[in-house]
Number of protein chains: 2
Amino acid sequence: MPTNKTDHLVYVVDDDFAVCDSLSLLIQATGYRVKGFHSAQEFLDNYDNKIPGCLILDVRMQPMSGLELQDKLLAQKIEIPIIFISGHSRVLDSSKAFRSGAIDFLEKPFDNEILLVRIEEAIQKNIENRTQNFEHEIIQQRIESLTLREKDVLICVIKGFSNKEIAILMGISHRTIEKHRGTIMLKMQVQQFSELMILLKEILI
Amino acid sequence: MPTNKTDHLVYVVDDDFAVCDSLSLLIQATGYRVKGFHSAQEFLDNYDNKIPGCLILDVRMQPMSGLELQDKLLAQKIEIPIIFISGHSRVLDSSKAFRSGAIDFLEKPFDNEILLVRIEEAIQKNIENRTQNFEHEIIQQRIESLTLREKDVLICVIKGFSNKEIAILMGISHRTIEKHRGTIMLKMQVQQFSELMILLKEILI
DNA sequence: GTCTATATGGGTAGTGATACTCATATATTT
DNA sequence: AAATATATGAGTATCACTACCCATATAGAC
């Protein structure tokens, strides 16, 4: 789908005011919405989970470093792609950042063009993540709307058991299974059995 | 499944003979099979794709650097997890390595214990990759065994069309669709429709 | 020219699933 | 006490799928 750059928010977090401001201006000039912060805590206090975007993050900051913020975000399951920027950093920091899922780790001074490319990549990734999480939530909600008995039947249906087989397994009439199965299709909002399988493909065995 | 360390092969590639030999000994002592090489080309000439394992790779080598070897392996679609080791390296190299899929990037001198943990991680990843690739190949082979007409019918079946609907779509009798469908189930080696969907879940829409 | 694979079409019988209708029992909520 | 949700069971009719059987036509391989 076509996305508008103004729909996306790029956070810039750097305790160096000059860097933070100039980067913010640069990124803003390419059309993105930008919010600049001078500390990790400020970012945490102002982060808005509803808007897709990414985070340009300085590694060395006090009292909370960029790497510590990354850990905190991971612990809180906040999925915002991070592009680290660093003045005089070590390979060890870079490894730590990447192994924790960073998009990139750029040393100052870096080519602005590369940063912009990485921002594009990061935002795309964030959008995909959000789309997938959203779809998973929808499906999860539908599953939660099933009763315990219906969930049992659903599992058997997915495994390929016929209604009669399920009836024997559960020790009840196949007519009851038929009724449960009908309710499952209603609550899962699908018409065909194949739709049900496609809906559940991420969760499947 | 339980795996034996001797079933896995750790390649060590470093043009520093002392490092290569001592690392090989260390890794061998923990139970893995090890092959040491002193150049990227030597590794390429001796790499055996049949054995699960990983690659400990020095960054700076002549004439082919570790990063160049990584690119070459990617281009040739050789999926062996790489743990880079480096004497005096730059963050830029580290970023390049990680963005190309490296498991880790360790600066010498590094903690041997960490290397061994990363080797374990890398080999696990390689085994998972191989298992998945193998399963995909099996499924792909079964799909290839279908005739063109059967593939057409399969696509419609997955989409949830009934035999009669497919018959109308393709302008032929529903009896022929039934025959195709039977052959599809035979060739795909499944009994239930749900099995077919589960088999194809990775490929699905 | 025969053999094989592919694609086509049909009959019949059995099994499976769905869509209606009807009904009862229990537990929880209001 | 009445209403709702959950779980249970059945009758009947219709539709969908499978498994047998039968058959024909065409293209390519040997």
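As shown above, the structure is provided for reference.
Below you will find a few notes about this structure. (Residues numbered from 1 in each chain as written. Chains lettered and ligands numbered in written order. Predicted model: local features only at pLDDT ≥ 70, side-chain atom pairs only at ≥ 80, totals over all residues. Heavy atoms only, no water.)

Here we come to the sheet that holds strand E4 (residues 82-86) of chain A. Residue and element names in this part refer to chain A. Judged by pairing direction, the sheet is parallel, and its five strands sit side by side in the order E2-E1-E3-E4-E5 without closing on themselves. Strands at the two margins of the open sheet, each flanked by one partner only, are strand E2 (33-37) and strand E5 (104-107). On average, each strand axis in the sheet is inclined to that of its neighbour by 20°, with strand direction left out of account. Most of the contacts of helix H4 (residues 91-99) go to E5, to which it runs at about 155°, and overall it touches E4 and E5. (Pairing = 2+ DSSP bridges. Helix = DSSP H or I, 4+ residues; strand = E, 2+ residues; numbered from the N terminus. Axes fitted to C-alpha atoms, helices over the stretch in contact; angles between N-to-C directions. Contact = heavy atoms within 4.5 Å.)

Our focus in this paragraph is the environment of Gly101(B). Residues and elements named next belong to chain B. On the secondary structure map, Gly101 appears in the loop between helix H4 (91-99) and strand E5 (104-107). Its relative accessible area of 40% is what places Gly101 among the partly exposed residues. In this view, Gly101 contacts Gln70 and Lys125; residues no more than four positions away in its chain are not counted. (Buried < 20%, exposed > 50% of the residue type's maximum accessible area, 1.4 Å probe, protein only.)

Residues separated by three or four positions in an α-helix point in the same direction, a consequence of the helix having 3.6 residues per turn. When we look at burial in helix H6 (residues 148-158) of chain B, the residues that qualify are Glu150(B), Val153(B), Leu154(B), Cys156(B), Val157(B) and Ile158(B). Immediately beyond the C-terminal end of H6(B), within one or two residues, lies Gly160(B), with a positive phi of roughly 95°.

What follows concerns the protein's contact with DNA strand C. Around DNA strand C, the structure places 16 residues, and the nearest of them are Thr147(B), Arg149(B), Ile172(B), Ser173(B) and His180(B). For DNA strand C, the fraction of protein-proximal atoms (within 4 Å) that sit in sugar or phosphate groups is 63%. Note that a phosphate oxygen of DNA strand C is positioned 3.5 Å from one of the side-chain N or O atoms of Arg181(A). Arg149(B) is positioned with one of its side-chain polar atoms (N or O) 2.6 Å from a phosphate oxygen of DNA strand C. Among the elements of the structure, helix H7 (163-170) and helix H8 (174-187) of chain A together with H6 and helix H8 (174-187) of chain B are those that each provide at least two residues to the surface near DNA strand C. When grouped by side-chain class, the residues that make up the surface near DNA strand C number two nonpolar, six polar and eight charged. (Near = heavy atom within 4 Å. Polar contact = N/O pair within 3.5 Å; in protein donor to acceptor, adjacent residues only side chain to side chain. Nonpolar A, V, L, I, M, F, W, Y, C, P; charged D, E, K, R; others polar.)

Remark on secondary structure: sheet strands pair via backbone hydrogen bonds, oriented parallel or antiparallel. All names here are of chain B. With respect to topology, five strands assemble into an open sheet ordered E2-E1-E3-E4-E5, the strand pairing being parallel. Strands with a single pairing partner mark the edges of an open sheet, and in this sheet they are strand E2 (33-37) and E5. Ignoring strand direction, the axes of neighbouring strands in this sheet form an average angle of 20°. Direction of pairing for strand E3 (residues 53-58) relative to strand E4 (residues 82-86): parallel, over a ladder of four bridges. When the sheet's bridge partners are listed, Leu57 is paired in E4 with Phe84. Along the sheet face, H4 touches E4 and E5 and points at about 155° away from the line of E5.

On to the relation of the copies chain B and chain A. For these two chains of identical sequence, chain B goes onto chain A by a turn of 180° and a shift of 0.0 Å along the axis, with RMSD 0.0 Å. These values place the two chain copies in the arrangement generated by a two-fold rotation axis. Nearest to the rotation axis, the C-alpha of Val91(B) is located 2.5 Å from it, this being the minimum over chain B. Interface residue correspondence from chain B to chain A reaches 100%, placing this contact among same-surface, isologous pairings. (Least-squares fit on C-alpha atoms with pLDDT ≥ 70 in both.)

A separate point is the pattern of salt bridges. Under the criterion given, the structure shown has 23 salt bridges over all chains. Salt-bridge contacts for Lys108(A) lead to Asp58(A); the nearest nitrogen and oxygen are separated by 3.6 Å. Taken together, the residues Lys108(A) in the loop between E5 and helix H5 (112-144) and Asp58(A) in strand E3 (residues 53-58) connect sequence positions 50 residues apart. Classification of Lys108(A) by relative accessible area gives partly exposed; the value is 24%. A salt bridge links Lys187(B) to Glu150(B); the nearest nitrogen and oxygen atoms lie 3.0 Å apart. Taken together, the residues span a long stretch of sequence, with Lys187(B) in helix H8 and Glu150(B) in helix H6 at a distance of 37 residues. Residues joined in a network through salt bridges with shared partners are Arg99(A), Asp104(B), Arg118(B) and Glu121(B). (Salt bridge = Lys/Arg side-chain N within 4 Å of Asp/Glu carboxyl O.)

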